[in-house]
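# Summary of structural features
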Amino acid sequence: MTTNVLAQTLDPLALAGQLAGKLLINGALTPAISGKTFAVDNPATGRKVADAALGEKADVDAAVAAAVKAQQAWGRMAARARGKLVAECGRRLNEHVEELGRLVTIETGKALRTESRVEASVLADVFVYYGGLGSELKGESVPFSPDMLTVTTREPIGVVGAIIPWNAPLLLMALKIAPALVAGNAVVVKAAEEAPFAVLRVGQIMSQVLPPGVLNILSGFGPECGGPLVAHPKVGKVTFTGSVETGRIVYKMAAEKLIPVTLELGGKSPMIVMADADIDRAVAGAVAGMRFTRQGQSCTASSRIFVHEKLHDAFVDKLRAKVDAMKMGDPLDEATDIGTVISRQQFDKVQSYIRIGKQTPGAHAHECSALPRDPKLKDGLYVRPVIFTDVPEDSRIAREEIFGPVTCIFKWTDYEQVIAAANDSEYGLAATVWTRDLKTALDATRRLQAGFVQVNQNLVVQPGLSYGGAKHSGLGKEASLEAMLDHFTQKKTIILNMT
Ligand code: ADP
């Protein structure tokens, strides 16, 4: 194996400066064809991080052309050899966890200790996981006729377009790129306009290992850069994570071309606390599940918490105390638990939901933690977490995805009613159940309409476990072997008749 020639750069502003105005096409950092750029701001300070290259249709065309060319040899390589290279990418990315964590921190405002560093190490782990799965790209032998050999094979699709959001850019890029590459595809990624630099840095590190053109990274805006990528005639598959609204647009464009799509969209995930639950464990699960450390900016956030009346008041008090004790501050500071939301637009949206909640008749808002006092952070997009109680189940804050640090706690008494209430949502991404009773756990997990259901824990995406939603939360699975086989290969049936 060659050594890692890219040194760690722990000053994230300097690193962003090195990546400014660049796309990754055919293994090289290159400006947008138009030469245009757009500013990316640090949501904790309001100051510019750097200018990113404004990718548009011409850049999409260049990236897809490079991918088409590179895929021919890549797709013919032995699957295990491809896997080895992808695992090597994981090993190298692991050496860059600190710098990637810091870079994603300054573009997203996520706290380094609780969020960004963790995400950067999971990124590396996903590449290592998928790197070991090359030999699992198996087909079948079919007993069609004794005189013929009939087999199925799994072929690469060709060029995959991957569109990712800003809330977990590293993890979400890995879940798309790693299986697509191991399966023999070339990939063109469209990073989120809010957070393009860490994604570009990952591409740069990986291009030390991969043949040029196998992985290309674009930055730019949705309709001008993501749109042409989905519409490109040579893109044979689109994998998208983002809002339901954009997911619909992407799905319609893909339908025109009759190509497969994977969609990971929104959520309004329920958490049901039974009367016999371990309350402290459930409270810790609510803190983790609601992703307060990420300002609630997660599609899996436990934003509807149903607590049995016996535990309700104590649960609310304990949760408030826990969230109150969390420190909001400079995202790069190791003492900080909670960073900022991503953008002014998102900040305004979350604040408007909080106002709507406060105006909802009967609702009580419990605001937690405290805004940072450091004058350097005065323009930072900090939102105090809010726990709402006594909210009607049909109110807007109880039904709509807020994507902010806002959760609703409902008191329940009847088991049938709480299962029905948990399922009464257009979404179906994740759900958790908190109980010591096996029968209740089995019954609830069977009946909850969600793609990822956990009992007495609230883990995030894990390499090896299929992750993906029901209903409006999406189509298809990610993170597992099944995700690679079902979503990044196409089956071919071959009959050999040598009689
Ligand atoms: P969010 O509200 O989380 O930003 P979006 O769904 O708008 O979610 O964005 C997720 C990703 O989809 C981003 O990379 C964005 O640029 C991209 N995107 C937005 N609009 C389109 C579009 N019309 N076509 C393709 N990609 C798009």
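Criteria and thresholds
- Each chain has its residues counted from 1, following the order in which its sequence is written.
- pLDDT decides what is reported in this predicted model: residues at 70 or higher carry local features, side-chain atom pairs at 80 or more are listed and counted, and totals for whole chains, interfaces and linings draw on all residues regardless.
- To get the side-chain values, all heavy atoms of the structure are used, and hydrogens and water are removed first.
- In DSSP terms, a helix is any run of H or I states spanning at least four residues, a strand is any run of E spanning at least two, and both are numbered starting from the N terminus.
- C-alpha atoms define the radius of gyration, and 2.2 Å times the number of residues to the power 0.38 defines the globule rule.
- Classification of residues uses two cut-offs on accessible area relative to the type maximum, computed with a 1.4 Å probe and protein chains only: under 20% is buried, over 50% is exposed, and between them is partly exposed.
- Should any heavy atoms of two residues lie within 4.5 Å, those residues are counted as being in contact.
- Surface accessibility in these figures is a Shrake-Rupley result with a 1.4 Å probe; residues are shielded only by whichever protein chains are displayed.
- Given a helix with a known number of residues, its expected span is that number minus one, times 1.5 Å.
- As used here, the arc is the angular range of directions from the helix axis to the C-beta atoms.

### Let's talk about the overall build of the protein
When its secondary structure is counted, the protein shows 16 helices and 22 strands. Expected size for 499 residues packed as a compact globule is a radius of gyration near 23 Å; at 23 Å, the protein falls within 12% of this value. Taking the principal axes of its C-alpha atoms as reference, the protein extends roughly 75 × 60 × 40 Å. By the burial criterion, 57% of the 499 residues in the protein qualify as buried. For the protein, the share of sequence-separated contacts (at least 6 apart) that also reach a separation of at least 24 residues comes to 75%. Split by element, the accessible area of the protein, about 19,700 Å² in all, is 54% carbon and sulfur.

### Focus on helix α3 (residues 79-95)
With 17 residues, α3 should reach 24 Å at 1.5 Å per residue; the first-to-last C-alpha distance of 25 Å fits that figure. Within α3 the residues assigned to the buried category are Ala79, Arg82, Gly83, Val86, Glu88, Cys89, Gly90, Arg92 and Leu93. Buried positions along α3 lie against α2 (57-76), α4 (97-108), α5 (112-131), α6 (169-182) and α7 (197-206).

### Re helix α9 (residues 244-257)
Look at α9: 20 Å from first C-alpha to last across 14 residues, which is about the 20 Å you get at 1.5 Å a residue. Buried within α9 we find Val244, Gly247, Val250 and Ala254. Down the axis of α9, the smallest arc covering the buried residues is 115 degrees, so these residues share one side. Seen from the open side of α9, the exposed residues pointing more than 90 degrees away from its buried face are Glu245, Lys252 and Glu256. Packed against the buried residues of α9 are α8 (222-231), β10 (235-241), β11 (261-264) and β17 (427-428). Looking one or two places after α9, you find Leu258, whose phi comes out positive at around 55 degrees.

Everything listed is a geometric property; what it means functionally is a separate question.
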